[in-house]
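# Secondary and tertiary structure notes
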Amino acid sequence: MDFDLNEERRMLVDTLRKFVAKECPNEFAREIDESETFPHGLYKKMAELGFMSLPFPSKYGGLDGDIIDEVLIIEELSKASAAIGLTYFLSTCFGGKSIEFFGTEEQKLKYLPKLFAGEMLFSLALTEPGGGTDILGSLKTTAEKKDGCYIVNGQKTFITGAHVADYLITVVKTGSGNDEKKSGGFSVLMIDAKSPGVEIRRLKKLGIRATGTNEIFFTDAKAPVENLMGRENGGWSQIVNTLNNERVALAALSVGIGQAAFDYALNYAKEREAFGRPIGQFQTIQGYLAEAATELEMARLLTYKAAWLQSKGKHCAKETAMAKLAASEIGFQVALKGMRILGGYGYMMEYDMQRFFRDAELFLVTPISNEMAKNFIAMELGLPRSY
Ligand SMILES: Cc1cc2nc3c(=O)[nH]c(=O)nc-3n(C[C@H](O)[C@H](O)[C@H](O)COP(=O)(O)OP(=O)(O)OC[C@H]3O[C@@H](n4cnc5c(N)ncnc54)[C@H](O)[C@@H]3O)c2cc1C
């Protein structure tokens, strides 16, 4: 067993830290949050440094890295801003990994180089208003094949980055509904986000505001048949690979937010004085920080382990769900402790702790809710399916 990063990954982390210090100072993170502005310029700079191409095969212009590199990048970016971590994640995982996992050879050759160059943005349009947890039961968007196109009708909600995306990786119903399994009859289409019949409306939300979240209405929207990803009616078993990558990547994002909240609170505890001494001298405050540091280390180790298992192609449904569950709960709890340590200043918008707190809260419910993550873990432990 070796807990060290290899030389290449140490260099990656070093490069990331320098990049973040130069390009994503606190003022920038705060500014994009307040103005709810997608960081297009920064996205392009990340691409120039090879962050987009790193976790992809060189056959398509990638740098032959894997999900461990993806995790390290997301963690470091998210320490500066969860929205910046998510900006990287959206196109790399939802677009790039979906195309790599189950796109056609033509799609890989056509879209991956543009993604690596920072010229293309993707979103995943899966969730519908009827409910995200029972996703298979509530997915109603249909796609009917006609004259060389799929005609798409339906509604999606909570779709992050759709307002800036070039393509929406959209899960649709193409089967009759009488397929042998509940997960049959779904397909994945790449839909041009700017095409007629696609209406995107931005939603107001609590955190991670720079990467906006949207509802989408499809009214006779058209996707050419060559935009089908993988197999018709085999979409669910394919998209599951993207969703497994997503859980580990977003666990890393929660670790990044938690670490940022911890660093901020630790500095504050050293500087803020009460009763003539730094508040960090009080045992209660020390307890908060000692617990937070320990929990963050646990979350990081579980996240890295899940990433390592995925990188080896091993079965890791349990560890992936555990990493998502632990990292999101811990990221949020650390931010909550940070709010306590800052006292009244935690509640003030000019201090960053409220941003960490707002941002961390999201991952208790997404990409799957932690209640559902526990259902999955319980099943992996051999208990009966509860839903
Ligand atoms: C800001 C934001 C960004 C998002 N971005 C995207 C995106 O880019 N693409 C996308 O497709 N989706 C996205 N989502 C959707 C997200 O994945 C869903 O919100 C999530 O899956 C939960 O679905 P729901 O909100 O409909 O809750 P519901 O499914 O209605 O669940 C409500 C509550 O019931 C609980 N519950 C339901 N069933 C069970 C059960 N069997 N056992 C125990 N508890 C249960 C849930 O845990 C939850 O607490 C985003 C959501 C948000 C808020």
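A short tour of the structure in this document, coming up. Position numbers for residues start from 1 in each chain and track the written sequence from start to end. pLDDT decides what is reported in this predicted model: residues at 70 or higher carry local features, side-chain atom pairs at 80 or more are listed and counted, and totals for whole chains, interfaces and linings draw on all residues regardless.

Each helix and strand in the protein was counted, giving 12 helices and 10 strands. Throughout, radius of gyration means the C-alpha value; the globule benchmark is 2.2 Å times the number of residues raised to the power 0.38. Its C-alpha atoms give the protein a radius of gyration of 21 Å, within 12% of the compact-globule value 21 Å for 387 residues. In terms of principal-axis extent, the alpha carbons of the protein reach across some 80 × 50 × 45 Å. For every residue, the other C-beta atoms within 10 Å of its own C-beta are counted; 20 or more classify it as buried, 12 or fewer as exposed, and values in between as partly exposed. C-beta atoms are placed from the backbone. Relative to its full complement of 387 residues, the protein shows a buried share of 48%. Contacts in the protein between residues far apart in sequence, at least 24 positions, make up 72% of those at least 6 positions apart. Put simply, DSSP H or I for four residues or longer makes a helix, DSSP E for two residues or longer makes a strand, and each gets a number counted from the N terminus. For every residue pair, C-beta atoms are placed from the backbone, and the pair is scored as a contact if these atoms sit within 7 Å.

Our next topic: helix H10 (residues 317–341). Relative to the 36 Å expected for 25 residues at 1.5 Å per residue, H10 spans 36 Å between its end C-alpha atoms, a close match to the ideal helical length. Within H10, 18 of the 25 residues are buried, which leaves it mostly tucked inside the rest of the structure. One or two steps after H10, the chain reaches Gly 343, where phi turns positive at roughly 55°. One less than the residue count of a helix, multiplied by 1.5 Å, gives the span that helix is expected to have.

The next thing to look at is the nonpolar core. Residues of type Ala, Val, Leu, Ile, Met, Phe, Trp, Tyr and Cys that are buried and joined through C-beta atoms within 7 Å form what is called a nonpolar core. Counting 119 residues, the largest nonpolar core has Val 71, Leu 189, Ile 191, Leu 253 and Ala 261 as its most contacted members. Top element by residues in this core is helix H8 (residues 235–271). It accounts for 17 residues. The contacts of Leu 189, once residues within four sequence positions are left out, are Ala 143, Tyr 150, Val 152, Thr 170, Val 172, Ala 223, Asn 227, Leu 228 and Met 229.

All right, on to the packing of helix H4 (residues 67–80) against H8 then. Between two packed helices, what matters for the description is the angle formed by their axes and the separation of those axes. Every axis in this analysis is a line fitted to C-alpha atoms, fitted for helices over the stretch in contact. Angles between the N-to-C directions lie between 0 and 180 degrees. Put simply, H4 and H8 touch, their axes get as near as 7 Å, and they point 30° apart. Our pair here, H4 against H8, has a crossing hand that is right-handed. In this structure, H4 uses Ile 67, Glu 70, Val 71, Ile 74, Glu 75, Glu 76, Leu 77, Ser 78 and Lys 79 to contact H8, whose residues at the interface are Asn 245, Val 248, Ala 249, Ala 252, Leu 253, Val 255, Gly 256, Ile 257, Gln 259 and Ala 260. Gly falls in the polar group here, along with every residue not listed as nonpolar (Ala, Val, Leu, Ile, Met, Phe, Trp, Tyr, Cys, Pro) or charged (Asp, Glu, Lys, Arg). A class-by-class count of the residues in the contact of H4 with H8 yields 11 nonpolar, four polar and four charged. Helix crossings get a hand from a simple test, with the near helix turned counterclockwise from the far one by less than a right angle marking a left-handed crossing and a clockwise turn marking a right-handed one.

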